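# Chains, contacts and geometry: an overview
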Amino acid sequence: MPGVAIEGLCGRCRTGENIFDFARSAVLFNDQAREIVHHLKYSDRVSLAKPIGRILRRLLEHENLTGEIAVPVPLHRSRERERGFNQSELIANELGITVEARLIRRRKKTATQTGLSRSERTKNLSAAFELLGSVDGMRVILIDDVFTTGATMNEISKVLKRGKAERVQVLTFARVPDAISPR
């Protein structure tokens, strides 16, 4: 699995429909990436967050991405309590920049996004997040494990932009192949 960013823009990026300013993933969500992510999230293999985070740190450096803070996608408190950790927070902790893990709160428990269409995901996440601090004038790097349709990133980006974030950049370990197309 190369540590090289995926090239190409998704249709929504090309047409300016996304609320975030930029998104980059390290790898395609193929069978190998799926296995790594599933072991991290569901098999309590939290040690996998370190190499994933290091890959993303190299990607940040390679892409010259800068931000004042990294914000991991939050889990609902009941899901985090059940799992015992937030995988996005563990990954973000490896980036070498300030992590604000409690800046965004998932205020409603949403159904799992797995198997939902883009419109179902958007509806599922509507009003799910709230900002608990200031991001006025900041460049924020939003961190997650997998980019599927961008619905989660858009919902969180809405909240950050309402809070006057200057720029919201999305950084994920893997990206679902259907979410991209050639430039």
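The present account deals with the structure reproduced in this document. Source: prediction; values computed, not measured.

In terms of regular secondary structure, the protein is built from 7 helices and 6 strands. When the helices and strands of the protein are placed in sequence order, the string is α-β-α-α-β-α-α-β-α-β-β-α-β. Per-residue burial for the protein yields a buried fraction of 49% across its 183 residues. Taking the intrachain contacts of the protein between residues at least 6 apart in sequence as the baseline, contacts between residues at least 24 apart amount to 78%. As displayed, the protein has an accessible area near 9100 Å², and 48% of this comes from carbon and sulfur atoms.

Next up on the list: the side chain of aspartate 145. Along the polypeptide, aspartate 145 turns up in strand 5 (residues 139–147). According to the relative accessible area criterion, aspartate 145 is buried, its value standing at 4%. Excluding residues within four positions of it along the chain, aspartate 145 makes contact with Val37, Lys41, Gln87, Ser88, Ile91, Thr172, Phe173 and Ala174.

Taking strand neighbours across the sheet as the criterion, the 4 strands line up as 1-6-5-2 in an open arrangement whose pairing is parallel. The open sheet has two edge strands, strand 1 (22–28) and strand 2 (69–72), and neither has a second partner. Each strand of the sheet is rotated relative to its neighbour by a mean of 25 degrees, with strand direction disregarded. Note that strand 1 and strand 6 (residues 167–175) share 6 bridges and pair parallel. Note that in strand 6 the partner of alanine 23 across the bridge is valine 170. Against the sheet, helix 7 (residues 151–162) makes contact with strand 5 and strand 6, and its axis sits at roughly 165 degrees relative to strand 5, the strand it touches most.

Looking now at the packing of aromatic side chains. Taken as a whole and judged by the stated rule, the model has 1 aromatic pair. Ring geometry for phenylalanine 20 versus phenylalanine 147: centroids 6.0 Å apart, planes at 90 degrees, classification edge-to-face. Residue phenylalanine 20 is found in the loop between helix 1 (11–14) and strand 1, and its partner phenylalanine 147 is found in strand 5; the two are separated by 127 residues along the sequence. The two residues phenylalanine 20 and phenylalanine 147 agree in class, both being buried. Sitting over the ring of phenylalanine 147, arginine 175 keeps its end group 4.4 Å from the ring centre.

The next thing to look at is unusual backbone geometry. For aspartate 44, which is not glycine, the phi torsion reads 55 degrees and is therefore positive. As for its placement among the helices and strands, aspartate 44 is situated in the loop between helix 2 (31–42) and helix 3 (49–63). Given the relative accessible area of 55%, aspartate 44 is considered exposed.

Quick look at the pattern of salt bridges now. Considering all chains together, one arrives at 12 salt bridges under this definition. With a closest N to O distance of 3.2 Å, glutamate 63 and arginine 24 form a salt bridge. With a gap of 39 residues between them, glutamate 63 in helix 3 and arginine 24 in strand 1 connect regions that are remote in the sequence. Linking glutamate 89 and arginine 102 is a salt bridge whose minimum nitrogen-to-oxygen distance equals 3.5 Å. Here arginine 102 lies in the loop between helix 5 (87–92) and strand 3 (104–106) and glutamate 89 lies in helix 5, a separation of 13 residues in the sequence. Judged by its relative accessible area of 18%, glutamate 89 is buried. One salt-bridge network, in which partners are shared between bridges, spans Glu80, Glu89 and Arg102.

Conventions and cut-offs
Counting of residues starts from 1 at the beginning of each chain's written sequence and follows it residue by residue. In keeping with the predicted nature of the model, local features appear solely for residues at pLDDT of at least 70, side-chain atom pairs appear and are counted solely at 80 or more, and the whole-chain, interface and lining totals rest on all residues. To obtain the side-chain values, all non-hydrogen atoms of the structure were used and water was disregarded. Under the scheme used here, helices are H or I runs from DSSP no shorter than 4 residues and strands are E runs no shorter than 2 residues, and both carry numbers assigned from the N terminus. The buried label goes to any residue with under 20% of its type's maximum accessible area, the exposed label to any with over 50%, and the partly exposed label to all in between, with areas taken from a 1.4 Å probe on protein chains only. Whether two residues are in contact is decided by their heavy atoms: any pair within 4.5 Å suffices. In short, Shrake-Rupley with a 1.4 Å probe defines the accessible areas, and a residue's cover is counted only from the protein chains shown. Pairing between strands is defined by DSSP: at least two bridges between the two strands are required. Lines fitted to C-alpha atoms define the axes here, with helix axes fitted over just the stretch in contact, and angles between the N-to-C directions of these axes take values from 0 to 180 degrees. Aromatic pairs are defined between Phe, Tyr and Trp rings, using the six-membered ring for Trp, whenever the two ring centres lie within 6.5 Å; interplanar angles under 30 degrees are classed as stacked, those over 60 as edge-to-face, and all others as tilted. By the criterion adopted, a ring carries a charge over it if an Arg CZ or a Lys NZ lies within 6 Å of its centre and within 35 degrees of its normal. Whenever Lys or Arg places a side-chain nitrogen within 4 Å of a carboxyl oxygen from Asp or Glu, that contact is recorded as a salt bridge.

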